[in-house]
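Report on the structure
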Amino acid sequence: MSDLENNGNDFGLSGSREDALQRVRTAGTLSISPELFEKLYLTPQTPSKASLRGVIGNPSALGLLGFSISLGPLCCQLMEWRGVAGTSASQVGVWYGMGGVLMIIACILEFIIGNTFTGVSFGTYGGFWIAQAITLTPMYNAAEAYQPEDPANPGFHASFAFALVFMGVPTFIFMICSLRTNVMYVTLFATILTGFCLLAGSYWQLAQRNMELAHGLQITAGAVFFVTDLLGWYIFTFLMLASVEFPIQLPMGDISHLIPPRRVQGKEE
């Protein structure tokens, strides 16, 4: 029996996870723990023998904080707010410290408590922020190693676009896996995937000197990533409120019941 089933039985819950949550909400003498919130909403219903969940706090909030703080300035740069023209090296410190360090720490802690899905996703984007920071750090001179002014050489922009395209591959897989969690996670990964595709297209158009189209794709990518950033802050707020058992609970849109787990499908067959 999984940890979720054990917790459900402790509360006398026998229906779906949404029904379970509703019963807890309407029972005046019962309160729901942050751990049960996490299992109801933020991770798929998979069996876990990890005993550290009650000892280590939920690291998802830390990872989302690093992700949201890192993505926010990038969105503003891409949308050219306050006169900023495209991406620059001004945010590499934020990407190293907040995006890289915080998300890698969250990744390790997620693995320790048995959360493979969130552990892999935090590690993937934490690595991306570090790679982004290294690429734009002036001392590494990555962009100047190319010759974008040479029409015969696609240059730095065309090459860098491939990294964004392949970042879309795990993001697509995360989006599919998140169908076993909630609406907020699905929308988060869908907007990240869209943003990567748009930004890659912008770099390729820039390499081909299609400046107007490249600029339009850049602005659109920034706007899509801005939606992603808002979703990240929303989920972060949800986790922080749950961590202190705040009486206000933000809706996450549980959809885990729409796709039954494999072991349930096997029993039905």
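Predicted model, so just to flag it, every value in this text is computed and none were measured.

1. Overview of the overall build of the protein
When you go through the protein residue by residue, the secondary structure sums to 10 helices and 0 strands. Helices (α) and strands (β) of the protein occur, in sequence order from the N terminus, as α-α-α-α-α-α-α-α-α-α. Counting all 269 residues of the protein, 45% fall into the buried class. When the accessible area of the protein is evaluated, it comes to approximately 13300 Å², of which 65% is carbon and sulfur surface.

2. Details of the packing of helix α4 (residues 60-78) against helix α9 (residues 211-243)
Packing of α4 against α9 brings their axes to within 8 Å, and their N-to-C directions diverge by 155°. Considered as vectors, α4 and α9 are oriented roughly antiparallel to each other. Viewed along their axes, α4 and α9 form a crossing whose handedness is left-handed. Each residue belonging to the contact of α4 with α9 can be placed in one class, and the counts come to 17 nonpolar, 8 polar and 1 charged.

3. Side note on a nonpolar patch on the surface
Side chains of Phe 162, Val 165, Phe 166, Val 169, Phe 172, Ile 173, Ile 176, Leu 179, Leu 258 and Ile 259 sit close together on the surface and give an oily, nonpolar patch of about 910 Å² of accessible area. Within the element layout of this structure, Ile 173 appears in helix α7 (residues 155-177).

4. Regarding the UniProt feature "transmembrane region" (unreviewed entry) in the protein
In the numbering adopted here, UniProt assigns the feature "transmembrane region" (unreviewed entry) to residues 93-113, 125-143, 155-176, 183-204 and 216-242. Within the segment residues 93-113, helix and strand shares are 95% and 0% respectively, and the terminal C-alpha atoms sit 29 Å apart. Taken end to end, residues 216-242 has its terminal C-alpha atoms 40 Å apart, with 100% of it in helix and 0% in strand.

5. Description of the side chain of Thr 228
Here Thr 228 lies in helix α9. Separated by 2.6 Å, the side chains of Thr 228 and Thr 191 make a polar contact. Those residues within four positions of Thr 228 in sequence are excluded, and the remaining contacts are Phe 67, Leu 71, Leu 188, Thr 191 and Ile 192.

6. Side note on the environment of Leu 164
Within the secondary structure layout, Leu 164 lies in helix α7. Spatially, the C-alpha atoms of Leu 164 and Leu 193 are 9.4 Å apart, while their sequence positions differ by 29 residues. What Leu 164 contacts, discounting residues up to four positions off in sequence, is Phe 128, Phe 196, Leu 199, Ala 200 and Tyr 203.

7. Let's talk about the packing of helix α8 (residues 183-207) against α9
At a minimum axis distance of 8 Å, the contact between α8 and α9 shows a crossing angle of 160°. One way to sum up the angle between α8 and α9 is to call them roughly antiparallel. Pair α8 / α9 crosses with left-handed handedness. Looking at the contact of α8 with α9, its residues break down into 19 nonpolar, 11 polar and no charged.

8. What about the packing of aromatic side chains?
Enumeration over the complete set of coordinates arrives at 17 aromatic pairs. Between the aromatic rings of Phe 160 and Tyr 203, the centroid separation amounts to 5.2 Å while the plane-to-plane angle is 70°, which identifies the pairing as edge-to-face. Within this pair, whereas Phe 160 is found in helix α7, its partner Tyr 203 is found in helix α8, the two being separated by 43 residues in sequence. There is no split in this pair, since Phe 160 and Tyr 203 are both buried. The interplanar angle of 85° and the centroid separation of 5.8 Å between the aromatic rings of Trp 233 and Phe 236 together place this pair among those described as edge-to-face. One end of the pair, Trp 233, and the other, Phe 236, are both in helix α9, 3 residues apart, so they sit about a helical turn from each other. For Trp 233, a relative accessible area of 30% gives the class partly exposed. Taken together, the ring pairs connect Phe 67, Trp 95, Phe 117, Tyr 125, Phe 128, Trp 129, Phe 174, Tyr 185, Phe 189, Phe 196 and Phe 225 into an aromatic cluster.

9. As for α7
The end-to-end C-alpha separation of α7 is 35 Å, in line with the 33 Å expected for 23 residues at 1.5 Å each. Among the residues of α7, those classed as buried are Gly 155, Phe 156, Ala 158, Phe 160, Ala 161, Leu 164, Met 167, Gly 168, Thr 171, Phe 174 and Met 175. Its buried side turned inward, α7 meets α6 (116-136) and α8.

10. Side note on the confidence of the model for the protein
On average, residues of the protein score 78 in pLDDT, and 72% of them are at 70 or above. Below a pLDDT of 50 lies the segment residues 1-15, which in the model reaches 26 contacts outside its immediate sequence neighbourhood of four places, other chains included. A low-confidence stretch, residues 23-32 stays under pLDDT 50, and its non-local contacts, those more than four residues away or across chains, total 18 contacts.

Rules of the game
- Residues numbered from 1 in each chain as written.
- Predicted model: local features only at pLDDT ≥ 70, side-chain atom pairs only at ≥ 80, totals over all residues.
- Heavy atoms only, no water.
- Helix = DSSP H or I, 4+ residues; strand = E, 2+ residues; numbered from the N terminus.
- Buried < 20%, exposed > 50% of the residue type's maximum accessible area, 1.4 Å probe, protein only.
- Areas by Shrake-Rupley, 256 points an atom, 1.4 Å probe, with all protein chains shown as cover.
- Axes fitted to C-alpha atoms, helices over the stretch in contact; angles between N-to-C directions.
- Parallel < 35°, antiparallel > 145°, perpendicular 65-115°, else oblique.
- Left-handed = near helix turned anticlockwise from the far one by under 90°.
- Nonpolar A, V, L, I, M, F, W, Y, C, P; charged D, E, K, R; others polar.
- Patch = residues over 30% accessible without salt bridge, like charges linked within 9 Å, V, L, I, M, F, W, Y side chains within 5 Å.
- Salt bridge = Lys/Arg side-chain N within 4 Å of Asp/Glu carboxyl O.
- UniProt positions renumbered as here; feature names shortened; annotations may be inferred.
- Polar contact = N/O pair within 3.5 Å; in protein donor to acceptor, adjacent residues only side chain to side chain.
- Contact = heavy atoms within 4.5 Å.
- Phe/Tyr/Trp six-rings, centres within 6.5 Å; stacked < 30°, edge-to-face > 60°.
- Expected span 1.5 Å × (residues − 1).
- pLDDT = per-residue confidence, 0-100.

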